[in-house]
Amino acid sequence: MPDARPTAMVIAIDGPAASGKGTLSRRLADRLHFAHLDTGSLYRAVGLAVLRAGGNPSDAAQATEAAYALHPETTPLVLADPALRADEVASAASQVAIVPAVREALLAFQRDFAAYPPGNARGAVLDGRDIGTIVCPDADAKLFVTASVEARAERRLKELRERGVPVIYAAVLEDMRERDARDSQRAVAPLKPAADAFLLDTSSMNADQALDAAISFICSKTGLSDHCA
Ligand SMILES: Nc1ncnc2c1ncn2[C@@H]1O[C@H](COP(=O)(O)OP(=O)(O)OP(=O)(O)O)[C@@H](O)[C@H]1O
Ligand SMILES: Nc1ccn([C@@H]2O[C@H](COP(=O)(O)O)[C@@H](O)[C@H]2O)c(=O)n1
């Protein structure tokens, strides 16, 4: 029997590491009562699985096997693993993300989430690198969240130090530049704004200002009126 639910509204949020897209997406989903999927966690889960097996995230066969081992029923549990937030896992994620078969393996889960958001939500916010371009090209509203690489490195430094991780600014900045280059220069689904994305530079905005700007764009673009004021 076909699903009788009305078509879910989809908000696509893309941007580089530590631009604030995750924070923004979570707050948007709360405000609009939408479901939220941090698609970076899927790539992190694949990278972490390869690392835990003692493998090499740059090895396409190992990465592909780990991606196909993720099953929709167990994925929510896998995505809750705090180990996903480690820096070496972020780096492994960006290595497995280069492999086209890994991206293909993760596509159906993301599209299903957008089409049938869990909890019967009337919409979904997905954040990542290729949501507006590849995963949900027909999204109702698309945002590309950026900030200068220095601002992003400062934010990540603060976050890591608050978690008690001993890091120095230069290393975080270098890591960020490396990940930006790998994400934006890969052949398949590179990090880039969709042609119809709203560009939101948060370099000199706090999280509240970024949320206000995003809400104002989404409401004017989609005609949503509740939760917009
Ligand atoms: N507008 C903002 N101003 C200052 N700090 C912010 C802002 N938005 C988010 N942050 C902080 O910056 C850090 C990175 O934000 P967040 O995790 O949302 O980025 P992200 O783009 O999802 O990163 P990643 O892709 O690496 O997961 C967090 O510590 C967050 O609290
Ligand atoms: N749609 C996406 C999301 C993420 N990636 C890759 O995963 C890495 C980790 O993502 P975070 O958002 O958690 O930082 C990221 O550097 C990308 O390489 C992706 O390719 N597509």
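Quick caveat, the model's predicted, so the values are computed rather than measured.

Rules of the game
- Residues numbered from 1 in each chain as written.
- Chains lettered and ligands numbered in written order.
- Predicted model: local features only at pLDDT ≥ 70, side-chain atom pairs only at ≥ 80, totals over all residues.
- Heavy atoms only, no water.
- UniProt positions renumbered as here; feature names shortened; annotations may be inferred.
- Helix = DSSP H or I, 4+ residues; strand = E, 2+ residues; numbered from the N terminus.
- 1 Å grid on protein atoms, 1.4 Å probe; cavity = no way out; pocket = protein on both sides within 12 Å on 5 of 7 lines; lining within 4 Å.
- Contact = heavy atoms within 4.5 Å.
- Polar contact = N/O pair within 3.5 Å; in protein donor to acceptor, adjacent residues only side chain to side chain.
- Phe/Tyr/Trp six-rings, centres within 6.5 Å; stacked < 30°, edge-to-face > 60°.
- Axes fitted to C-alpha atoms, helices over the stretch in contact; angles between N-to-C directions.
- Parallel < 35°, antiparallel > 145°, perpendicular 65-115°, else oblique.
- Nonpolar A, V, L, I, M, F, W, Y, C, P; charged D, E, K, R; others polar.
- Buried < 20%, exposed > 50% of the residue type's maximum accessible area, 1.4 Å probe, protein only.

Q: Is there a simple way to think about the UniProt feature "domain: Cytidylate kinase" (unreviewed entry) in the protein in this case?
A: Residues annotated by UniProt as "domain: Cytidylate kinase" (unreviewed entry) correspond here to residues 11–216. For residues 11–216, the end-to-end C-alpha separation is 13 Å, with 53% helix and 12% strand making up the annotated structure.

Q: Honestly, the UniProt feature "binding site: ATP" (unreviewed entry) in the protein in this entry has me stumped. Any pointers?
A: Mapped onto this numbering, the UniProt entry gives "binding site: ATP" (unreviewed entry) at G15, P16, A17, A18, S19, G20, K21, G22 and T23. If you take the residues mentioned a moment ago, the ones lining the largest pocket come down to A17, A18, S19, G20, K21, G22 and T23. Here G20 is to be found in the loop between β1 (9–14) and α1 (21–32). Those residues within four positions of G20 in sequence are excluded, and the remaining contacts are V145 and R155. The residues touching K21, leaving out its near neighbours within four places in the chain, are I13, D14, G15, P16, D127, G128, R129 and V145. A polar atom in the side chain of K21 sits 3.1 Å from the backbone oxygen of P16.

Q: What am I meant to see in the packing of aromatic side chains here?
A: Across all of its chains, the model carries 1 aromatic pair by this definition. On the numbers, 4.5 Å between centres and 5° between planes, the contact of F198 with F217 is stacked. Of this pair, F198 sits in strand β5 (residues 198–201) while F217 is found in helix α10 (residues 207–222), placing the two residues 19 residues apart along the sequence.

Q: In this structure, what is going on with the packing of helix α3 (residues 60–68) against helix α6 (residues 100–115)? I would like to understand it.
A: When two helices pack together, their arrangement is given by the angle between the helix axes and by the axis-to-axis distance. Their axes nearest at 8 Å, the elements α3 and α6 cross at an angle of 5°. Classified by the interaxial angle, the pair formed by α3 and α6 is roughly parallel. On α6, the residues that touch A63, T64, A67 and Y68 of α3 are A101, V102, E104, A105 and L106. For the contact of α3 with α6, a count of residues per class yields 7 nonpolar, 1 polar and 1 charged.

Q: Help me understand the environment of A197 in this model?
A: Among the secondary structure elements, A197 is positioned in the loop between α9 (169–185) and β5. What makes A197 buried here is its relative accessible area of 18%. As for A197 and L42, which are separated by 155 residues in sequence, their C-alpha atoms are 23 Å apart. Beyond its immediate stretch of four places on either side in the chain, A197 contacts K142, L143 and F144.

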